[in-house]
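Residue strings, one per chain:
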Amino acid sequence: MSFEPFAMERWQSTWENRVRYNLSESGVHPLSVAELLSLAGQTLDAVAGHRLGYPQSNGSEPLRTAIATLYPGATAENVLVTNGSAEANFCAFWQLAQAGDRVAIVLPTYMQTWGLARTFGAQIAPIWLREELGWQPDLTEVDLAIAPGTKLVIVTNPNNPTGAILSDEATGRIVRRAAEAGAWLLSDEVYQGAEREAGPTPSLWGRGERVLVTNGLSKAYGLPGLRIGWCVAPPALIAELWARKDYTTIGPSVISDWLATRALEPGVRLKILARTRSILRTNWPVLERWLASQGDQLRFRAPDAGAICYARYRSSINSSALAERLRRDRDVLVVPGDQFGMDHFIRFGFGPVLTDLEAALARVADLLRSLD
């Protein structure tokens, strides 16, 4: 087994807490513990009383029940709580794909599953989202990629890095082809609820007997520090994934489990998502005007969801080299497109505090002018 380094995660984890302005994050600026407790009508005393013992390793019954209510027909037996959606994706891939298996992946994407496919020795069949199609796939390519014998199909919807939501036609074709191939369909839905205008993106849960969904509190909820994610799947598969989790992190923290349960109380959840939408709707016009002000230097499509915009730039400089110059010379962190397999793109995050976003964009503009 060869190992594929996770370039984007290494880039972010190395620098995101060491720069003045972080535009690499794809979620909104996070809630504090005090803010979350206030929304839930709780005080810090409610947290302080928890004993720091071992948790229920697959997630407490109240938390799994709260998650299950988000997926019609699901119960707590359909849910595995994980340390972030990344662990959910890892356990799912570990269970469902082996060396030599054909894995169809919608690209560009958060490159964790692509890297896992490379590491595990799977055969990757790419389904590229096309810029000229508004970041939708060519349906002919969908048919070719999800061929008979495909073991696993992976989508991230809403998409990272483009912020696009798959059309009903594209979603339907992917679901149908996966079912015809007898493949498992893994739908990473961590940006669901962070739509700028439309309502929540429909989940693929319930669209077939071999569908599993991953999600978490990091992006739409602004709670990445809780490290709470989940997988929703048929109970037999959940049991297999839980067995694999015994080899990874064992369980979530007691405090995170309890706080996540509070966050997913119906009234609290609606308040958190309303906060996220408010940040997106306030910050996006600022980034949109800034992008437009750069003339032909940058080309972009407005994102449907997530605090991210994937912009093509005109300069000939390599995207990682450009991102490094921004970090080193302007103290601003962005994600270079070549970390998604696409050079000459930059992923801008627009979820920071508004004054920080404006200051960071001014520094980016200054560097872009220097390139000219």
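Keep in mind that what you see is a predicted model, and the values were worked out from it rather than measured.

1. Here we look at the sheet that holds strand β3 (residues 102-107)
Step number 1: An order of β2-β9-β8-β7-β6-β3-β4-β5 is seen for the eight strands of this open sheet, with the pairing classed as mixed. If you trace the sheet from one side to the other, it starts and ends with β2 (79-82) and β5 (136-137), each paired once.
Step number 2: When β3 meets strand β4 (residues 123-130), the two strands line up parallel, connected through six bridges. Looking at the pairing, Ile 105 lines up with Pro 126 of β4.
Step number 3: Each of β2, β3, β6 (150-156), β7 (184-188), β8 (211-216) and β9 (229-232) touches helix α5 (residues 84-96); the most contacted strand, β8, lies at about 155 degrees to it.
Step number 4: Its contacts with the sheet place helix α9 (residues 235-245) against β2, β7, β8 and β9, and it is angled at close to 20 degrees to β2.

2. As for the pattern of salt bridges
Step number 1: This model, assessed by the stated rule, comprises 21 salt bridges.
Step number 2: Close ionic contact of Glu 240 with Arg 244 constitutes a salt bridge, the shortest N to O distance being 3.7 Å. Remark: Arg 244 and Glu 240 occur in helix α9; sequence separation between them is four residues, near one turn of the helix.
Step number 3: Among the charged side chains, a salt-bridge network with shared partners connects Asp 143, Arg 173, Arg 176, Arg 177 and Glu 180.

3. Some remarks on the side chain of Thr 113
Step number 1: Within the secondary structure layout, Thr 113 lies in helix α6 (residues 112-120).
Step number 2: By relative accessible area, which is 5% here, Thr 113 ends up buried.
Step number 3: Discounting chain neighbours no more than four positions away, the residues touching Thr 113 are Asn 89, Phe 93, Ile 105 and Ile 154.

4. Things to note about the layout of surface pockets
Step number 1: Taken as a whole, the largest pocket spans an internal volume of roughly 870 Å³.
Step number 2: Gln 12, Glu 16, Glu 25, Lys 219 and Pro 224 are the residues nearest the centre of the largest pocket, which is lined by 39 residues in total.
Step number 3: Among the elements of the structure, α1 (7-15), β1 (21-22), α5 and α13 (354-371) are those that each provide at least two residues to the lining of the largest pocket.
Step number 4: Taken together, the residues of the lining of the largest pocket sort by class into 15 nonpolar, 15 polar and nine charged.
Step number 5: Taken as a whole, the second largest pocket holds about 310 Å³ of empty space.
Step number 6: Lining the second largest pocket we find 18 residues, and of these Glu 4, Pro 5, Phe 6, Gln 112 and Gly 115 sit closest to its centre.
Step number 7: Of all the elements in the fold, those that place two or more residues in the lining of the second largest pocket are α1 and α6.
Step number 8: In terms of residue count, the dominant contributor to the lining of the second largest pocket is α6 (six residues).

5. Observations regarding the environment of Gln 339
Step number 1: You can see Gln 339 is positioned in the loop between β13 (335-336) and β14 (345-349).
Step number 2: Spatially, the C-alpha atoms of Gln 339 and Ser 320 are 7.8 Å apart, while their sequence positions differ by 19 residues.
Step number 3: Filtering out sequence-adjacent residues up to four positions away, Gln 339 remains in contact with Ala 7, Met 8, Trp 11, Met 111 and Ser 320.

6. Side note on empty space enclosed by the protein
Step number 1: A full pass over the atoms with the stated rule returns two cavities of 30 Å³ or more.
Step number 2: Taken as a whole, the largest cavity encloses approximately 50 Å³ of empty space.
Step number 3: Lining the largest cavity, in full, are Asn 89, Thr 109, Tyr 110, Gln 112, Thr 113, Ile 154, Thr 156, Leu 186 and Asp 188.
Step number 4: Of all the secondary-structure elements, those providing two or more residues to the lining of the largest cavity are α6, β6 and β7.
Step number 5: Split into classes, the residues belonging to the lining of the largest cavity amount to three nonpolar, five polar and one charged.
Step number 6: Here the second largest cavity is characterised by a volume of approximately 40 Å³.
Step number 7: The wall of the second largest cavity is formed by Leu 298, Tyr 313, Leu 322, Leu 326, Ile 346, Phe 348, Val 364 and Leu 368.
Step number 8: For the lining of the second largest cavity, the secondary-structure elements that each account for two or more residues are α12 (319-330), β14 and α13.

7. What about the sheet that holds strand β11 (residues 308-313)?
Step number 1: Spatially, the four strands line up as an open sheet ordered β10-β11-β14-β13, and their pairing is antiparallel. With one partner strand each, in any of the chains shown, β10 (298-300) and β13 form the two edges of the open sheet.
Step number 2: By the bridge criterion, five bridges tie β11 to β14 in an arrangement that is antiparallel. Opposite Cys 309, over in β14, you have Phe 348 as the bridge partner.

Reading guide: rules and limits
Residues numbered from 1 in each chain as written. Predicted model: local features only at pLDDT ≥ 70, side-chain atom pairs only at ≥ 80, totals over all residues. Heavy atoms only, no water. Pairing = 2+ DSSP bridges. Helix = DSSP H or I, 4+ residues; strand = E, 2+ residues; numbered from the N terminus. Contact = heavy atoms within 4.5 Å. Axes fitted to C-alpha atoms, helices over the stretch in contact; angles between N-to-C directions. Salt bridge = Lys/Arg side-chain N within 4 Å of Asp/Glu carboxyl O. Buried < 20%, exposed > 50% of the residue type's maximum accessible area, 1.4 Å probe, protein only. 1 Å grid on protein atoms, 1.4 Å probe; cavity = no way out; pocket = protein on both sides within 12 Å on 5 of 7 lines; lining within 4 Å. Points joined across faces, edges and corners; volume = space filled by probe spheres on them. Nonpolar A, V, L, I, M, F, W, Y, C, P; charged D, E, K, R; others polar.

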